[in-house]
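If you want the building blocks of each chain, they are given just below.
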Amino acid sequence: ALATSPCSLPARGPPSMTAIASCGPVPLSRLPSLVPEGLGCVGQGRAAGTRSGRAQSRAAGVGVAAFTFSAAAASSWTAARRPTLAGPGGRRSRLGRSQRSVVMQAGAGRDVGRQRILVVGGGVGGFNLALRLAEMPWPVGGGRPPPQIMVVDPKDRFVFTPLLADYAISGVIELDEFAPRYSELFAHAARDRAYIPGSTQAEVEHLRGSIKRISWRRRVATLCTSTGEEQSLEFDVVVVSPGLLAAPDAAMSMGLELPSSPTAGVLTFSSLDDGEKLREWLQDGNADVGATRRLAVVGAGYVGAEVAASVAALETRAPSVALFGSSLLRGSEPANQRRVAKSLEALGVVRKLGRVLSVFSGGLLWRSDAATPGAAETNESQQHDCDLVIVTGGAATPFAGCELEPAPTDKTSSGAVPVDDYLRIAPGIFCIGDAAAVEGSPPTGQAAMQQAEIAAWNIFAQCTGMPRPKWRKYTPSAMGEFVTLGSKDAAAVVAPARLAKLLPPALPPTAAAAVAPFLAAVAATGAGEAARVDLGGTPAALLRRLSYLYRMPTLGHRAWVAQRWAERAKQLGVALPS
């Protein structure tokens, strides 16, 4: 039987595809003439498409999720007997060579009745997408198992990067609160799903390692484990979400030379390991107590501004800070730009407008911007001496160490790949977070979490054969912008009318569907949609912390962190949960 429709099947030949897609149903009356000797049907799926097709499927009691050929059957399947499938718009076309390869290889070497979803990167976007997929009401009737969800990440901890500066610099967040172990989160998620009506116990597996290569036409990825061994992973759908901590600043990254190996006195700020090193440097008891240490921050984007302000706001032994960047918070809310600039000036942070050429242990070389007031008209580079250089943004590309075969032809200057409205590079190949180039969507954690919600639903729709109108298109919707300026200060611009959109991603799919009509009715009014509220100081810091608490993964972990914050607030006698 050939049925499942419409899933997605481009002209590619993976050995692990479990559906024939993007091409309408084949009438069951034609199946006897299409199925050659040796073609075995494995698993049952739901026929979709025309009403008559669904009726025939119910009458026959069968559907198709996957099938395999024997070698003899493959050779005897001549062009005259090749299936003709309905394509978009009702057009009919014959299967191409690579599509026949999909059919002939499907299920080779593993149980083809089980779909496999590969998530590359366990960051804010990738991990939330994996948990969301596990909550979906996967159809498991007729012995069909739920999909296997594989999250590949070299770390053993999930790092909620928006709070990295709060841990490494301000010290108001503890390690297990913003960077819990994956095993703990999986346990929380399993308990949460037990209370979700209609959810299935989809398996989520954490594979420690990194993806070296993704052959997305063959549906095979090369996994490099923590021991250095290479393994092949077959998948039906892949999500590329390697993530970065900050958006690359083109003016800063162009021509910037970094040390080829780890060098004392030079750090990036893109991982928990970087945060630990900065935390150790700030708390170094061997440093000269009477001397003021000097810190240079390269990159004046979100992360650079937060690092510079948080370090300068330390109450004891605060280093002197110089912030290098061509512009401050490029693309952010104007109100936040003004507030952050004023705060940096009040904290004594020295702004250096220009481009950094190279960094080294003990300083950096930079060239002043010609538009800088009072800058020399010469094009000579200048040396800035300091004790530590922190490079934010532009230090890496989204696909560093991960090769796509065939490689995407269109990439941005930062290495991000354009995606369609459904967040796909190609059918079955999704991309979210900093690796995805989406117009109007800044590379922030907020955008990554919104994209994870949309991509998870579209993957569910593809794997279960939903028609394309049921898929969801991603539309950037900035609900707020926060910039921390120390332990008790922040800059915030929020859109109250859009805060209701935070609710569905934090709810199980069934509950989100229940509140969707109400939220749609509120959105349809358009009341106050463009209104913005500008906040600063302690109220902004409190709202920022609570917003991030709300977006942490799993209900169980959020409840535990809220309890810890409440206990510390009570002990310290302050209102902030710090």
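Source: prediction; values computed, not measured.

So, how was this worked out
Residues numbered from 1 in each chain as written. Predicted model: local features only at pLDDT ≥ 70, side-chain atom pairs only at ≥ 80, totals over all residues. Heavy atoms only, no water. Core = buried A, V, L, I, M, F, W, Y, C linked by side-chain atoms within 4.5 Å. Buried < 20%, exposed > 50% of the residue type's maximum accessible area, 1.4 Å probe, protein only. Helix = DSSP H or I, 4+ residues; strand = E, 2+ residues; numbered from the N terminus. Pairing = 2+ DSSP bridges. Phe/Tyr/Trp six-rings, centres within 6.5 Å; stacked < 30°, edge-to-face > 60°. Lys NZ or Arg CZ within 6 Å of the ring centre and 35° of its normal. pLDDT = per-residue confidence, 0-100. Contact = heavy atoms within 4.5 Å. Axes fitted to C-alpha atoms, helices over the stretch in contact; angles between N-to-C directions. Left-handed = near helix turned anticlockwise from the far one by under 90°. Salt bridge = Lys/Arg side-chain N within 4 Å of Asp/Glu carboxyl O.

**Student:** With reference to specific residues and values, describe the nonpolar core.
**Tutor:** A general trend in soluble globular proteins is that nonpolar side chains are found buried together. Residues Leu129 and Ile214 are the most contacted members of the largest nonpolar core, which totals 114 residues. Tallying contributions element by element places helix α13 (residues 445-464) first for this core, with 11 residues. Counting 12 residues, the second largest nonpolar core, distinct from the first, contains Ala322, Val356, Val359 and Val391.

**Student:** Tell me about the pairing of strand β10 (residues 230-234), residues and numbers included.
**Tutor:** The sheet contact formed by strand β9 (residues 220-225) and β10 spans 5 bridges and is antiparallel. Looking at the pairing, alanine 221 lines up with leucine 233 of β10. Hairpin remark: β9 followed by β10, antiparallel, with 4 residues in the connecting loop; positive phi at glycine 228, about 95°.

**Student:** I'd love a proper account of the pairing of strand β25 (residues 480-484), names of residues and values included.
**Tutor:** Judged by how many residues are buried, β25 sits mostly within the fold: 5 of 5 residues are covered. Residue alternation in β25 divides its side chains into two sets, Gly480, Phe482 and Thr484 and Glu481 and Val483, and both sets are buried. Note: β25 against strand β26 (residues 490-494), 5 bridges, orientation antiparallel. The partner of glycine 480 across the bridge, within β26, is valine 494. What sits between the antiparallel neighbours β25 and β26 is a turn of 5 residues, in which glycine 486 has the positive phi angle 135°.

**Student:** Quick one: what's the story with the environment of serine 361, residue by residue and with numbers?
**Tutor:** Inspection of the secondary structure assignment puts serine 361 in the loop between β16 (354-360) and β17 (363-368). Note: C-alpha distance between serine 361 and aspartate 385 (24 residues apart in sequence) is 9.2 Å.

**Student:** Please give an account of the packing of aromatic side chains that cites residues and values.
**Tutor:** For any pair of aromatic rings, geometry is given as the distance between the ring centres together with the angle between the planes. Counted by the stated rule, this structure contains 11 aromatic pairs. With a centroid separation of 5.5 Å and an interplanar angle of 50°, the aromatic rings of tryptophan 457 and phenylalanine 460 are classed as tilted. Separated by 3 residues within a single helix, tryptophan 457 and phenylalanine 460 lie in helix α13, roughly one turn from each other. On the basis of relative accessible area, tryptophan 457 is assigned to the buried category, the value being 18%. Ring pairing ties together the aromatic residues Phe127, Phe158, Tyr182 and Phe186, which thus form one cluster. Positioned above the aromatic ring of tryptophan 565 is the side chain of arginine 545, whose terminal nitrogen or guanidinium carbon lies 5.9 Å from the ring centre.

**Student:** Could you give me a rundown of the confidence of the model for the protein chain, with the residues and numbers involved?
**Tutor:** Predicted coordinates in areas of low pLDDT are best not read in detail. Within the protein chain, residue pLDDT values average 74, and 64% of them lie at 70 or more. Note that pLDDT drops below 50 for residues 245-254; the model gives that stretch 30 contacts with residues more than four away or on any other chain.

**Student:** Before we move on, could you go through the packing of helix α5 (residues 124-135) against α13 and cite the residues and values that matter?
**Tutor:** Following both chains from N to C, one finds α5 and α13 inclined at 35°, their axes separated by 8 Å at the closest point. For α5 against α13, the interelement crossing comes out right-handed. For the pair α5 and α13, contact is made by Val124, Gly125, Asn128, Leu129, Arg132 and Leu133 and by Gly445, Ala448, Met449, Ala452, Glu453, Ala455, Ala456, Ile459 and Phe460, respectively.

**Student:** Explain the sheet that holds strand β27 (residues 533-536) to me, and be specific about the residues and the numbers.
**Tutor:** The strands that make up a sheet pair up through hydrogen bonds in the backbone, lying either parallel or antiparallel. As summarised here, the arrangement of the 3 strands in space is β25-β26-β27, forming an open sheet in which the pairing is antiparallel. The sheet is open, and its two borders are formed by β25 and β27, each paired with just one other strand. Strand-to-strand twist of the sheet, defined as the mean angle between neighbouring strand axes without regard to direction, takes the value 5°. Across the sheet, helix α12 (residues 334-347) touches β25, β26 and β27, and the angle it forms with β26 is around 170°.

**Student:** Tell me about the pattern of salt bridges, and please be specific about residues and values.
**Tutor:** For the coordinates displayed, the defined rule picks out 18 salt bridges. With a closest N to O distance of 2.9 Å, arginine 132 and glutamate 453 form a salt bridge. One end of the pair, arginine 132, is in helix α5; the other, glutamate 453, is in helix α13, and 321 residues separate them in sequence. Across the pair, glutamate 453 and arginine 132 agree in class, each one buried.

**Student:** A description of the sheet that holds strand β5 (residues 116-120) should follow, citing residues and the corresponding values.
**Tutor:** In spatial order, the strands read β7-β6-β5-β11-β23-β22; together these 6 strands make up an open sheet with mixed pairing. Since the sheet does not close on itself, it has two edges, and those belong to β7 (203-207) and β22 (424-426), each with one partner. Here the strands of the sheet are splayed against their neighbours by 20° on average, with no regard to which way each runs. Across 2 bridges, β22 lies against strand β23 (residues 429-431) in antiparallel orientation. Bridging across to β23, arginine 424 finds its partner in phenylalanine 430.

**Student:** Let's hear about helix α10 (residues 272-282): which residues, and what values?
**Tutor:** Since there are 3.6 residues in each turn of an α-helix, residues three or four apart along the chain are aligned in direction. Taken residue by residue, α10 has Leu272, Asp274, Gly275, Leu278, Trp281 and Leu282 as its buried positions. On its buried face, α10 sits against α6 (164-170), α7 (175-178), β12 (266-268), β13 (294-298), α11 (302-312) and β19 (388-391).

**Student:** Residue-level account of the environment of leucine 175, with values.
**Tutor:** Summarising the element assignment, leucine 175 is placed in helix α7. A relative accessible area of 23% means that leucine 175 is categorised as partly exposed. When the C-alpha positions of leucine 175 and leucine 164 are compared, they lie 9.4 Å apart, and in sequence the two are 11 residues distant. Other than its neighbours up to four places away in sequence, leucine 175 contacts Arg157, Tyr167, Pro180, Leu272 and Glu276.

**Student:** Residue-level account of unusual backbone geometry, with values.
**Tutor:** Trans is the common state for peptide bonds, and a negative phi is the common state for residues other than glycine. Phi is positive for arginine 219, close to 60°, though the residue is something other than glycine. One can find arginine 219 in the loop between β8 (209-215) and β9. Residue arginine 219 is classed as buried on the basis of its relative accessible area of 0%. Positive phi values are uncommon outside glycine, yet leucine 329 reaches one of about 50°. Considering the arrangement of structural elements, one finds leucine 329 in the loop between β14 (320-324) and α12.

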